[in-house]
Amino acid sequence: MSMLEIDSIHTGYGDVPILHGLSLKIDEGMIGAVVGANGAGKTTTMRAVAGMLPCWKGEIRLAGERIDQLSPGRRVDAGVILVPEGRKLFPSMTVRENLELGSLHPKAKAARAKTLDQVFEIFPRLKERESQKTGTLSGGEQQMCAIGRGLMGLPKLLMLDEPSLGLAPIIVETIFDIVRRIRKEGVTVLMVEQNVRHALALSDQAWVLEHGRIEFGGKGRELLADDRVKRAYLGM
């Protein structure tokens, strides 16, 4: 079953169009990756799915149900969770407080204690630092906290916008290992990632976005071997 279907959407900022009839589909339980140059529309795609930008044309469906007319809050209730670029944590609040902010809608709030235990199992470092202010954490720890906060919302679709940005290579490997584990837990993941090699190696499905349109797509490892991707994004 398809978890997310984006069907010919158009959107942008103000009256400036960014996405021009973009379409993609990601199946339930898969990891999907959107790659492309800066300014191609990757983050815009995530914001459109999350409801932060209106759909001028086209449709967005989650597990077969249209969500493009729902408010951002209603999309969160439906299971669409975005972990934004730059993490957007509250630095003066503790790790635990930031995590709990991810579980404000009724269903997630009712399961908060259980979900928090699960998040601490996935991220034992966060358990060690649960009373520490997030502004004092390392970049990798902050990214773990941001992903953990997303998981607190009980996502069906977890969207990660540039999860490895600014992190040391060894921490990047840790973050991608965590993404694999999240997928094993049954959560569908869609990510935008500037590290094209890592993103394609990790993903089940992937798409190359250029100028607000999907140029081509396929299985992640197949695109990793594609000459067009090698030339444009891997310097080969």
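Note: the structure precedes this text.
Scope of this entry: the structure provided in the associated data block. (Residues numbered from 1 in each chain as written. Predicted model: local features only at pLDDT ≥ 70, side-chain atom pairs only at ≥ 80, totals over all residues. Heavy atoms only, no water.)

Another point: the overall build of the protein chain. When its secondary structure is counted, the protein chain shows 11 helices and 10 strands. For a compact globule of 236 residues, the expected C-alpha radius of gyration is about 18 Å, and the protein chain comes in at 17 Å, within 12% of that figure. With 236 residues in all, the protein chain has 50% of them scored as buried. On the protein chain, roughly 10900 Å² of surface is accessible, and the fraction owed to carbon and sulfur atoms is 50%. Between the averaged position of the 32 positive side-chain charges in the protein chain and that of its 29 negative side-chain charges there is a distance of 2 Å. (Helix = DSSP H or I, 4+ residues; strand = E, 2+ residues; numbered from the N terminus. Rg over C-alpha atoms; globule rule 2.2 N^0.38 Å. Buried < 20%, exposed > 50% of the residue type's maximum accessible area, 1.4 Å probe, protein only. Areas by Shrake-Rupley, 256 points an atom, 1.4 Å probe, with all protein chains shown as cover. Lys, Arg positive; Asp, Glu negative; His and termini not counted. Charge placed at Lys NZ, Arg CZ, Asp CG, Glu CD.)

Of the pairings in the sheet, the one linking strand β1 (residues 2-13) to strand β4 (residues 57-62) comprises five bridges and is antiparallel in character. Bridged to His10 within β4 is Lys57. Direction of pairing for β4 relative to strand β5 (residues 65-66): antiparallel, over a ladder of two bridges. Looking at β5, one finds that Leu62 is bridged to Glu65. Between β4 and β5, which pair antiparallel and follow one another directly, the connecting turn spans two residues, one of which, Ala63, has a positive phi of 50 degrees. (Pairing = 2+ DSSP bridges.)

Applying the stated criterion to the full structure yields 15 salt bridges. Between Arg66 and Asp68 there is a salt bridge, with its nearest N and O atoms 2.5 Å apart. Salt bridges here are not isolated pairs; linked through shared partners, they connect Glu5, Asp7, Glu59, Arg61, Arg66 and Asp68. (Salt bridge = Lys/Arg side-chain N within 4 Å of Asp/Glu carboxyl O.)

In a beta sheet, neighbouring strands are held together by backbone hydrogen bonds and run either parallel or antiparallel to one another. The strand order across the open sheet formed by six strands is β6-β7-β8-β3-β9-β10, and the pairing between neighbours is mixed. Looking at the sheet topology across the chains shown, the edges are occupied by β6 (80-83) and β10 (213-219). If you compare each strand with its neighbour and ignore which way they point, the axes differ by 20 degrees on average. Contacting β3 (31-35), β6, β7 (157-161), β8 (188-192) and β9 (205-210), helix α1 (residues 42-50) crosses the sheet at an angle of about 150 degrees to β7. (Axes fitted to C-alpha atoms, helices over the stretch in contact; angles between N-to-C directions. Contact = heavy atoms within 4.5 Å.)

On the secondary structure map, Thr115 appears in helix α5 (residues 112-122). The sequence separation of Thr115 and Met152 amounts to 37 residues, and the corresponding C-alpha distance is 6.0 Å. Beyond its immediate chain neighbours, meaning those up to four positions away, Thr115 contacts Leu151, Met152 and Leu154.

To continue, consider the nonpolar core. Ranked by size, the top nonpolar core spans 44 residues in total, and within it Phe123, Ile147 and Leu158 carry the most contacts. No other element matches the six residues that helix α8 (residues 169-184) contributes to this core. (Core = buried A, V, L, I, M, F, W, Y, C linked by side-chain atoms within 4.5 Å.)

Turning our attention to the packing of helix α7 (residues 139-151) against α8. In a packed pair of helices, the relevant descriptors are the angle between the two axes and the axis-to-axis distance. Look at α7 against α8: their axes get within 10 Å of each other, and the N-to-C directions meet at 15 degrees. The angle between α7 and α8 places the two elements in the roughly parallel class. Seen from above, α7 lies across α8 with right-handed handedness. For the pair α7 and α8, the contacting residues are Gly140, Gln143, Met144, Ile147 and Leu151 in the first and Ile171, Thr174, Ile175, Ile178 and Ile182 in the second. The residue inventory of the contact of α7 with α8, partitioned by class, reads seven nonpolar, three polar and no charged. (Parallel < 35°, antiparallel > 145°, perpendicular 65-115°, else oblique. Left-handed = near helix turned anticlockwise from the far one by under 90°. Nonpolar A, V, L, I, M, F, W, Y, C, P; charged D, E, K, R; others polar.)

With eight of its nine residues buried, α1 lies for the most part within the structure. For α1, the set of buried residues is Lys42, Thr43, Thr44, Thr45, Met46, Ala48, Val49 and Ala50. Looking one or two residues past α1, Gly51 carries a phi angle of roughly 90 degrees, positive in sign.

Spanning 16 residues, α8 covers 23 Å between terminal C-alpha atoms, matching the ideal 22 Å at 1.5 Å per step. Among all positions in α8, only Val172, Ile175, Phe176, Ile178, Val179 and Ile182 are buried. Summarising the axial view, the buried residues of α8 lie within an arc of 150 degrees, below the 170-degree limit, and thus occupy one face. α8 presents Ile170 and Lys184 as exposed residues on the side facing more than 90 degrees away from its buried surface. Those residues of α8 that are buried lie in contact with β3, α5, α7, β7, β8 and α9 (196-202). Gly186 lies just past α8 and shows a positive phi near 100 degrees. (Expected span 1.5 Å × (residues − 1). Arc of directions from axis to C-beta.)

In short, geometric facts, not functional conclusions.
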